[in-house]
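Chains, contacts and geometry: an overview
Each chain is listed here by its residues.
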Amino acid sequence: MESIGVLLACPMNSYLEQQLDKRFKLYRFWTVPDKSSFLASHKDSIQAVVGNAAAGADAELIEALPKLEIVASFSVGLDKIDLTKCKEKGIRVTNTPDVLTEDVADLAIGLMLAVLRKLCESDRYVRSGKWKRGDYVLTTKFTGKKVGIIGLGRIGMAIAKRAEAFSCPISYYSRTEKPEIKYKYYPSVVELAAHCDILVVACPLTKETHHIINREVINAMGPKGVLINIGRGPHVDEPELVSALVERRLGGAGLDVFENEPYVPEELFGLDNVVLLPHVGSGTVETRQAMADLVIGNLEAHFQKKPLLTPVV
Amino acid sequence: MESQPPQERSEQPTKEVPHVLVMKPPPLLTLFEDKFISTKFQLLKAWESTLPLDQFLTAYAGSVRAVLCSGASPITPHIIQLLPSLQLVVTASAGTNHIDLNECRRLGIAVTNAAGVFSDDAADAAVGLLIDVLRKISAAHRFVRHRLWPATGDYPLGSKLGGKRVGIVGLGSIGSAVAKRLEAFGCTVLYNSRKPKPWAPYPFYSNVHELAVDSDALVVCCGLTAETRHMINRQVMVALGKQGIIVNVARGAIIDEKQMVECLVHGEIGGAGLDVFENEPNVPKELLELDNVVLSPHRAVFTPEGFMAACDQVVANLEAFFEHKPLLSPLIDE
């Protein structure tokens, strides 16, 4: 398979890169001085694209690669891949579900605890050397808080399971109600927001869910509400969120994703009720290895004409 | 010079309402004083007097039958001696290491603590600290706030919580609340306690060293006693290993802090989440430089809900005592 050309959209994992290099003819897209002339001269050699949450395969790239057979994403999210175009052209698409579910759910709970119990703020306070006796600051109890989940897929369910161990009542919004699920369903995000203390975004990013957290939802959450986003930056109308936090119309936020990564609105840096992470949802040694193995496994299966491990299209 | 204790100057209470001595106000009292207004007792606030404590007690606390204490005002044999009528010690904390329990037992003085009411918050903080250390939440938050993300690119990878073997040191109210939470994350829970707990479905280890050998992380939830002082020492930490994490929401002195700092600085353990220290509010300055530790100023139980529940429990115990009813949370010898 060393002659099969694989285009790696951006740097994502050195183990993955190594493995791709060993098994295929690897092209590192970000090292190319002129992308369009590169594509023009290599269009017949590239049969696979490996993308992630930052860069995938849009219509333009797909059109430029007539020999493209498979797009393997180093992520579970597919928002950077033009799925319609792939279906049209018979291009296979794979992602990395299940292996990262636990890490993302763990991080969602970690963010809830960090925001409510002010863990990052406490750490900063102690490191400043200013801790003195008699400095009593109360933080917000997490146990028993109502958790509202947008999107009750694998990650949403894993978040629910963890929050239940903290006696948190669970409610959710989903495209359709799931009658077999015992959690309370709300038919709209605004209603869900009005009835929970902590709102978590755990759904895929699509045209429908773009800016699913907007001013109306933020207003419904209220000045004690806390937003946790472990989905995609564009799920949230970011300027609206920033002004709500700065003006204290919203109680707090734990954000792993942003509309324009790696840029984070600087107005958030000075707030003690906000925790900001550099998109580390699946960022553990164990999980990234499992994700990389899944990408390699899918590519090998495809080129060996075996069934794909985790096909989406 | 004083002619009356501070109380009587301002409030003119009736002689029938008994006093509860408070030598220094616990955080509970400072933050929620109005919750301590009762028809069954009144507070005798030693700290408001200009007299040195010993003199104050001799002058005004001779008939005091109950004292409300905390870490800042320990109940030592010396203090007990100055309170000849003492029958009840109430502490506004779960911890009782600041009370000479042997002396109280010897003299038939009952002790109550704020057991149970702080367990959820303490457990939440412990789990929060563990996730923070493993997933580098506070460190990554610093990274973003210092504007390093655009320049530096991807943040270093953390370690997965699921599948980790977590050893709980002390499976009391707080330890079992931690265990329940960690199970939902797919952790394997192990524990060490003075005696095995018949209700606990987790493997029991009779000493903390063996627990450490078999664990990826230790969460300290036990009380501070003569036996547990410096129980977590270099030997235990080396057994835990270079990737091992320690979380402490109990008392600083359970860990040999000097040895822990050395182990952290030399990479003999992987990281630590600490809410308590041997000499608060002093924190070893080496810790302030490390990215693999998360530090908290002894506020694991500092939530309004937890504090209000503790107030209710303290007041309920005091009122029960003065009404000759059974105490709500007397300390049980385990």
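Quick caveat, the model's predicted, so the values are computed rather than measured.

1. Focus: the overall build of chain A
Of the regular secondary structure elements, chain A holds 11 helices and 12 strands. Here chain A has a C-alpha radius of gyration of 21 Å; the compact-globule value for 313 residues is 20 Å, and the two agree. Reported as C-alpha extents along the three principal axes, the dimensions of chain A are approximately 70 × 50 × 30 Å. Scored against the burial criterion, the 313 residues of chain A give a buried share of 59%. A separation threshold of at least 6 residues defines the contact pool for chain A, and within that pool the share at least 24 residues apart is 58%. Here chain A displays about 13000 Å² of accessible surface, and carbon together with sulfur accounts for 51% of that area. Of the charged side chains in chain A, 38 are positive and 39 negative, and the gap between their average positions amounts to 4 Å.

2. Points about the pairing of strand β4 (residues 88–91) of chain B
Residues and elements named next belong to chain B. Residues Leu88 and Val90 point to one face of β4 and Val89 and Thr91 to the other, with burial holding for every one of them. Sheet analysis places strand β3 (residues 66–69) next to β4, joined by four bridges and oriented parallel. Bridging across to β4, Leu68 finds its partner in Val90. With three bridges connecting them, β4 and strand β5 (residues 110–112) associate as parallel partners. Counted as the bridge partner of Val90 is Thr112 from β5.

3. Description of the UniProt feature "domain: D-isomer specific 2-hydroxyacid dehydrogenase NAD-binding" (unreviewed entry) in chain B
The positions that UniProt labels "domain: D-isomer specific 2-hydroxyacid dehydrogenase NAD-binding" (unreviewed entry) are, in the present scheme, residues 127–300 of chain B. The span residues 127–300 of chain B is 32% helical and 16% strand by assignment, and the distance between its end C-alpha atoms comes to 11 Å.

4. Here's the deal with the side chain of Asp123 of chain A
Note that Asp123 of chain A resides in helix α6 (residues 119–127). For Asp123 of chain A, a relative accessible area of 1% corresponds to the buried category. Engagement of the side chain of Asp123 of chain A in a polar contact is seen with the side chain of Arg142 of chain B, the distance being 2.8 Å. For Asp123 of chain A, the side chain forms a polar contact with the main-chain nitrogen of Leu295 of chain B, separated by 2.8 Å. Apart from residues no more than four positions distant in its own chain, Asp123 of chain A is found in contact with Ser138, Arg142, Val293, Val294 and Leu295 of chain B.

5. What to know about the interface of chain B and chain A
Each side of the interface is counted separately: chain B has 60 residues, and chain A has 62 residues. At the boundary of chain B with chain A, the tally comes to seven salt bridges. We note a salt bridge from Glu305 of chain B to Lys145 of chain A, for which the minimum N-O separation is 3.1 Å. Counting the contacts that link chain B with chain A gives 25 residue pairs in polar contact (both at pLDDT 80 or more). Sorting the residues of the side of chain B that touches chain A by element identifies α2 (27–31), α6 (119–135), α7 (137–145), α8 (149–152), α9 (173–184), β12 (293–295) and α13 (304–322) of chain B as the ones contributing at least two each. For the side of chain B that touches chain A, the element with the most residues is α6 of chain B, which contributes 10 residues. Of the residues belonging to the side of chain B that touches chain A, the class tally is 33 nonpolar, 10 polar and 17 charged.

6. Concerning the UniProt feature "domain: D-isomer specific 2-hydroxyacid dehydrogenase NAD-binding" (unreviewed entry) in chain A
Cross-referencing UniProt, the feature "domain: D-isomer specific 2-hydroxyacid dehydrogenase NAD-binding" (unreviewed entry) maps to residues 109–281 of chain A in the present numbering. Annotated as residues 109–281 of chain A, this span is 29% helix and 14% strand, and its ends, taken at the C-alpha atoms, are 11 Å apart.

7. Re the nonpolar core
Counting 161 residues, the largest nonpolar core has Ile159 and Leu227 of chain A as the members making the most contacts within it. In terms of nonpolar packing, the next biggest core, distinct from the first, is built from 37 residues, Leu218, Leu224, Ile232 and Leu288 of chain B among them.

8. Observations regarding the environment of Gly170 of chain B
Within the secondary structure, Gly170 of chain B sits in the loop between β6 (165–169) and α9. In the structure, Gly170 of chain B is positioned 58 residues away from Thr228 of chain B in sequence and 10 Å away in space, judged by C-alpha atoms.

9. Quick look at α6 of chain A
Residue pairs spaced three or four apart in an α-helix point in one direction, given the helix's 3.6 residues per turn. Taking burial as the measure, the nine residues of α6 of chain A include eight buried ones, the bulk of the element. Taken together, the buried positions of α6 of chain A are Leu119, Cys120, Glu121, Ser122, Asp123, Tyr125, Val126 and Arg127 of chain A. Packed against the buried residues of α6 of chain A are α5 (101–116) and β12 (274–276) of chain A together with α6, α7 and β12 of chain B. Backbone geometry just downstream of α6 of chain A places Gly129 of chain A in the positive-phi region, at approximately 80 degrees.

10. Digging into the packing of α5 of chain A against α6 of chain B
Across the interface, α5 of chain A lies against α6 of chain B with an axial gap of 9 Å and an inter-helix angle of 125 degrees. Between α5 of chain A and α6 of chain B, the angle is such that the two are oblique. Relative to α6 of chain B, α5 of chain A is oriented so that their crossing is left-handed. For the pair α5 of chain A and α6 of chain B, the contacting residues are Asp103, Asp106, Leu107, Ile109, Gly110 and Leu113 of chain A in the first and Asp124, Val127, Gly128, Ile131 and Arg135 of chain B in the second.

Conventions adopted
Residues numbered from 1 in each chain as written. Chains lettered and ligands numbered in written order. Predicted model: local features only at pLDDT ≥ 70, side-chain atom pairs only at ≥ 80, totals over all residues. Heavy atoms only, no water. Helix = DSSP H or I, 4+ residues; strand = E, 2+ residues; numbered from the N terminus. Rg over C-alpha atoms; globule rule 2.2 N^0.38 Å. Buried < 20%, exposed > 50% of the residue type's maximum accessible area, 1.4 Å probe, protein only. Contact = heavy atoms within 4.5 Å. Areas by Shrake-Rupley, 256 points an atom, 1.4 Å probe, with all protein chains shown as cover. Lys, Arg positive; Asp, Glu negative; His and termini not counted. Charge placed at Lys NZ, Arg CZ, Asp CG, Glu CD. Pairing = 2+ DSSP bridges. UniProt positions renumbered as here; feature names shortened; annotations may be inferred. Polar contact = N/O pair within 3.5 Å; in protein donor to acceptor, adjacent residues only side chain to side chain. Salt bridge = Lys/Arg side-chain N within 4 Å of Asp/Glu carboxyl O. Nonpolar A, V, L, I, M, F, W, Y, C, P; charged D, E, K, R; others polar. Core = buried A, V, L, I, M, F, W, Y, C linked by side-chain atoms within 4.5 Å. Axes fitted to C-alpha atoms, helices over the stretch in contact; angles between N-to-C directions. Parallel < 35°, antiparallel > 145°, perpendicular 65-115°, else oblique. Left-handed = near helix turned anticlockwise from the far one by under 90°.

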